[in-house]
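Residues per chain are reported as follows:
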Amino acid sequence: MSERMSARQAIAAVATTFEELEVAEGDFPENGPLAWSGYGASRARATERTGEKESVICGTATVEGRPCVLLSFEFGFLGGSLGQRTGDRLEAAYERARERRLPLVSLIATGGSRMQEGMLALTQLQRVARQSALLREAGLPQIAVLRDPTTGGGWATLGAGADVILALPGAQIGFAGSRVRPADADPAAYGAEGQLAAGQIDAIVRKQDLRAVLAGWLTLLTGADHPGPAPVPAAFGTSALPADGWEAVTRARSTQRPRAESYLDAYFPHRQALSGDRCGGVDPGMLCGFGLHGGIAYAYAAQTGTATTPAGYRTAARLIRLADRLGIPVLTLVDTPGAANDAAAERAGQGAAIADAFAALASARVPVTTLVIGEGGSGGALALTSPDRTWVTADSYFSVIAPELAAAILKRPESEVRSTASQLRLRPQDLVELGVARGVLGA
C-alpha cells in the first residue's frame with residue numbers, strides 16, 4: 001500500500017506555489033439532500049479531523065515555474081468521496097483552467113461517490129465528465145496523479161479520463177473499492193503495478209520524483225506555438241545504397257542496425273513516455289511519448305523492429321490524437337516486419353486497431369514526419385507512415401509484402417526469393433523514385 005498523504009501534503013509535494021480557489025457555497029441542509037441521519041455530524045467530525053470543509057481542495061499553482069490548475073483530494077474527509085459540494089469545487093477548477101488557458105493536474109485519492117447524498121452525489125460524475133470534455137475541446141491537457149486509493153467514479157472520470165496518468169507506488173486503483181470486490185478477486189489487478197502492466201496508466205512515480213516529472217510533462221504539453229513539422233532525424237546507419245532488393249531486406253533485418261531507442265535518445269535530450277492502450281494491453285515494441293528537440297516539444301511513436309500488436313496500434317493512435325488536440329507535431333519511426341498475425345492478435349482486434357491508427361494519422365491536423373529506419377512491412381508499417389512527409393534510411397526497405405511470402409504466393413522456389421525482392425522495388429532508392437519517400441537520408 002502506498003503512503004497516504006493529506007490533500008495539502010500532496011500539494012506541497014508537487015507545487016512550488018499554490019493559491020487556493022474560493023468557491024461560493026450555497027445553502028446545504030445539515031444532513032444533506034437526503035436528510036441522512038447523522039450526516040451533518042459526520043461532516044463536522046471530518047472537518048475537525050482534517051481541517052477541511054470538503055473532500056477536495058483546488059486552486060492555481062506553479063510546478064517548478066510551470067502554471068496549472070491543481071486539485072487535490074482529502075481522503076480523510078469521508079474517504080475523499082464526491083458529493084454535491086465536491087462537484088461545485090471540481091467544476092470551478094475546470095472553469096478556471098479554461099478561463100486562464102491552463103492545464104489541469106489532479107492529485108486523486110477517493111473512495112467514490114458519497115452514499116449519504118445518494119443519486120445527487122452520483123450525478124456529480126456527469127458534471128466532471130462534462131467539464132473534462134470541455135477542457136479537451138479547448139485543447140488543454142489533463143494530468144492525473146493516482147494516490148492511495150483511487151477507486152469508483154473518481155477513477156472512472158478524473159483518473160482514467162486524463163491525458164497522462166501517473167500513480168504512486170503501491171496505490172490501490174480500480175473501479176471497485178476494496179470492500180465491494182469479489183472475494184476471489186486478484187488483488188494485483190487493483191494496484192498501480194497491475195494497472196501499469198494492463199496498459200491503464202502511463203507510469204509509476206515515487207513521491208520524491210513527482211514534482212520533477214510533473215514539471216516535465218507540463219513543459220512538454222503546454223509549449224508555445226510550433227514553427228512547423230518535426231525535423232527529420234539524422235540517419236545513423238550505413239550510407240551506401242543496397243545493390244538489389246534482397247540486400248535491402250537483409251540489411252534492414254540486421255541486428256547490428258541502429259534501432260528506435262538510439263534515434264530517440266539522440267533526437268530528444270528530454271522525453272517522457274506514454275504507455276498502454278487503455279484497453280488492457282501494452283506493446284513494448286511501440287514507444288510513444290513526447291520529447292524536446294531544439295527546445296520544442298514533439299510527439300513520437302516509434303516501432304522497435306518487432307511485429308506490432310493491437311495494443312501498439314491503439315497506443316500510437318492515442319498518442320497521435322492527443323498530440324493533434326494539443327497542436328503538437330508528430331514524429332513516427334517505422335520499423336516492423338509487419339502487424340502481428342497470430343491468433344492472440346486477431347482475438348484482440350488487430351484489424352480494428354490498425355484501422356484506428358490509419359484513421360488517427362489521416363485525420364491529424366498537425367504535421368506528421370516519418371522516417372523509415374528499418375523494415376517497412378506492409379500495412380502494419382504503413383499505418384504509422386505520413387502520406388506526404390516520409391524519408392527513408394539507406395538500411396531500410398518498404399514493401400507491400402515480404403519477398404519470401406510473395407514468392408510463396410506466386411509458387412516460386414526459394415531460389416527466386418532474391419529476384420522477387422528486386423521485382424517488388426522495395427529499396428530506399430526505389431521508394432524515392434516511386435514517390436513514396438521524399439529522400440534517402442545518409443546516402
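Everything numeric here is computed off the predicted structure, so don't read it as measured data. (Residues numbered from 1 in each chain as written. Predicted model: local features only at pLDDT ≥ 70, side-chain atom pairs only at ≥ 80, totals over all residues. Heavy atoms only, no water.)

*Asks:* Whenever I open this one, the nonpolar core confuses me. Can you help?
*Replies:* Counting 60 residues, the largest nonpolar core has Leu70, Ile143, Leu166, Trp217, Phe290 and Leu319 as its most contacted members. Ranked by residues supplied to this core, first place goes to helix 8 (residues 210-221) with eight residues. When sequence neighbours within four positions are dropped, the list of residues in contact with leucine 166 reads Ile143, Ala144, Val145, Leu146, Ala203, Val205, Val213, Leu214 and Trp217. (Core = buried A, V, L, I, M, F, W, Y, C linked by side-chain atoms within 4.5 Å. Buried < 20%, exposed > 50% of the residue type's maximum accessible area, 1.4 Å probe, protein only. Helix = DSSP H or I, 4+ residues; strand = E, 2+ residues; numbered from the N terminus. Contact = heavy atoms within 4.5 Å.)

*Asks:* What should I look at first to understand helix 11 (residues 310-326) in this one?
*Replies:* Owing to its 3.6 residues per turn, the α-helix brings residues three or four apart onto one side. End to end, helix 11 covers 24 Å across 17 residues, agreeing with the expected 24 Å (1.5 Å per residue, within 8%). Taken across its 17 residues, helix 11 has 14 buried, putting it largely inside the fold. (Expected span 1.5 Å × (residues − 1).)

*Asks:* Would you explain helix 9 (residues 245-252) in this entry?
*Replies:* Within helix 9 the residues assigned to the buried category are Gly245, Ala248, Val249, Arg251 and Ala252. With its buried residues spanning 165° around the axis, helix 9 presents them on a single face. Of the surrounding secondary structure, the elements contacted by the buried residues of helix 9 are strand 13 (368-377), strand 15 (397-399), helix 15 (403-409), helix 16 (417-423) and helix 17 (428-433). Capping the start of helix 9, aspartate 244 holds a side-chain oxygen 3.3 Å from the backbone nitrogen of tryptophan 246, two or three residues further along. (Arc of directions from axis to C-beta. Polar contact = N/O pair within 3.5 Å; in protein donor to acceptor, adjacent residues only side chain to side chain.)

*Asks:* I tried to follow the environment of leucine 322 on my own but got confused; where do I start?
*Replies:* Here leucine 322 lies in helix 11. Owing to a relative accessible area of 5%, leucine 322 belongs among the buried residues under this scheme. In this structure, the C-alpha to C-alpha distance between leucine 322 and valine 164, residues 158 residues apart in sequence, is 9.7 Å. Dropping the residues within four chain positions of it, leucine 322 is found in contact with Asp163, Leu274 and Phe290.

*Asks:* Got a minute to help me understand the pattern of salt bridges in this structure?
*Replies:* Note on pairing: side chains with opposite charge can pair once their charged atoms come close. Taken as a whole and judged by the stated rule, the model has 26 salt bridges. A salt bridge links aspartate 430 to arginine 425; the shortest N-O distance between them is 3.5 Å. Assessed through its relative accessible area of 4%, aspartate 430 is described here as buried. Between aspartate 430 and arginine 427 there is a salt bridge whose closest N-O contact spans 2.9 Å. Side by side, aspartate 430 and arginine 427 carry an identical accessibility label, which is buried. (Salt bridge = Lys/Arg side-chain N within 4 Å of Asp/Glu carboxyl O.)

*Asks:* Before we go on, may I ask you to explain the state of the cysteines in this structure?
*Replies:* Disulfide: a covalent bond formed between the sulfur atoms of two cysteine residues. Enumeration according to the criterion identifies zero disulfides in this entry. Left without a disulfide partner, cysteine 68 is nearest to the cysteine sulfur of cysteine 58, which lies 12 Å away. Looking at cysteine 68, the relative accessible area reads 0%, which means it is buried. Cysteine 288 forms no disulfide, and the closest cysteine sulfur to it belongs to cysteine 279, at a distance of 14 Å. (Disulfide = S-S within 2.5 Å.)

*Asks:* Just checking my understanding: could you explain the environment of arginine 4 for this structure?
*Replies:* Its location among the elements puts arginine 4 in the segment before helix 1 (7-14). Using a relative accessible area of 42% as the deciding quantity, one classes arginine 4 as partly exposed. For the pair formed by arginine 4 and glutamate 74, sequence separation is 70 residues and the distance between their alpha carbons is 9.9 Å. Not counting chain neighbours up to four residues away, the residues in contact with arginine 4 comprise Gln9, Phe75, Asp148, Pro149 and Gln172. Polar contacts involving the side chain of arginine 4 include one to the side chain of aspartate 148, which spans 3.1 Å.

*Asks:* Looking at this model, I keep getting lost on the packing of aromatic side chains. Mind explaining?
*Replies:* Aromatic rings considered in pairs are described by the distance between their centres and by the relative angle of their planes. Per the counting criterion, the structure on display carries four aromatic pairs. Considering the side-chain rings of phenylalanine 236 and tyrosine 263, the 4.7 Å spacing of their centres and the 20° angle between planes classify their relative orientation as stacked. Linking phenylalanine 236 in the loop between helix 8 and helix 9 with tyrosine 263 in helix 10 (residues 260-267), this pair joins segments that are 27 residues apart in sequence. Judged by its relative accessible area of 38%, phenylalanine 236 is partly exposed. Linked through ring pairs, Tyr267, Phe268 and Tyr300 together constitute an aromatic cluster. (Phe/Tyr/Trp six-rings, centres within 6.5 Å; stacked < 30°, edge-to-face > 60°.)

*Asks:* Even after reading the chapter, I still don't get unusual backbone geometry, so can you show me in this structure?
*Replies:* Peptide bonds are, in most cases, trans, and in most cases residues other than glycine have a negative phi. Geometrically, the link from aspartate 148 to proline 149 is a cis peptide bond, its omega value of -10° lying close to zero. Within the fold, proline 149 resides in strand 5 (residues 142-151). Notably, arginine 278 is not glycine yet its phi reads approximately 65°, a positive angle. Tracing the backbone shows arginine 278 in the loop between strand 9 (270-274) and strand 10 (286-293). Phi is positive for serine 378, close to 60°, though the residue is something other than glycine. With relative accessibility at 31%, the residue serine 378 sits in the partly exposed group.

*Asks:* Is there a simple way to think about the side chain of serine 55 in this case?
*Replies:* By secondary structure assignment, the location of serine 55 is in the loop between helix 2 (39-50) and strand 2 (56-63). A distance of 2.7 Å separates a polar atom in the side chain of serine 55 from the backbone oxygen of serine 81. Non-local contacts of serine 55, meaning those with residues more than four positions away in its chain, are made with Ser72, Phe73, Glu74, Phe77, Gly80, Ser81, Thr86 and Arg114.

*Asks:* What am I meant to see in a nonpolar patch on the surface here?
*Replies:* A surface patch of nonpolar side chains, about 330 Å² in accessible area, is lined by Leu34, Trp36 and Met115. Residue position: leucine 34 is located in the loop between strand 1 (17-20) and helix 2. The class for leucine 34 is partly exposed, based on a relative accessible area of 43%. (Patch = residues over 30% accessible without salt bridge, like charges linked within 9 Å, V, L, I, M, F, W, Y side chains within 5 Å. Areas by Shrake-Rupley, 256 points an atom, 1.4 Å probe, with all protein chains shown as cover.)

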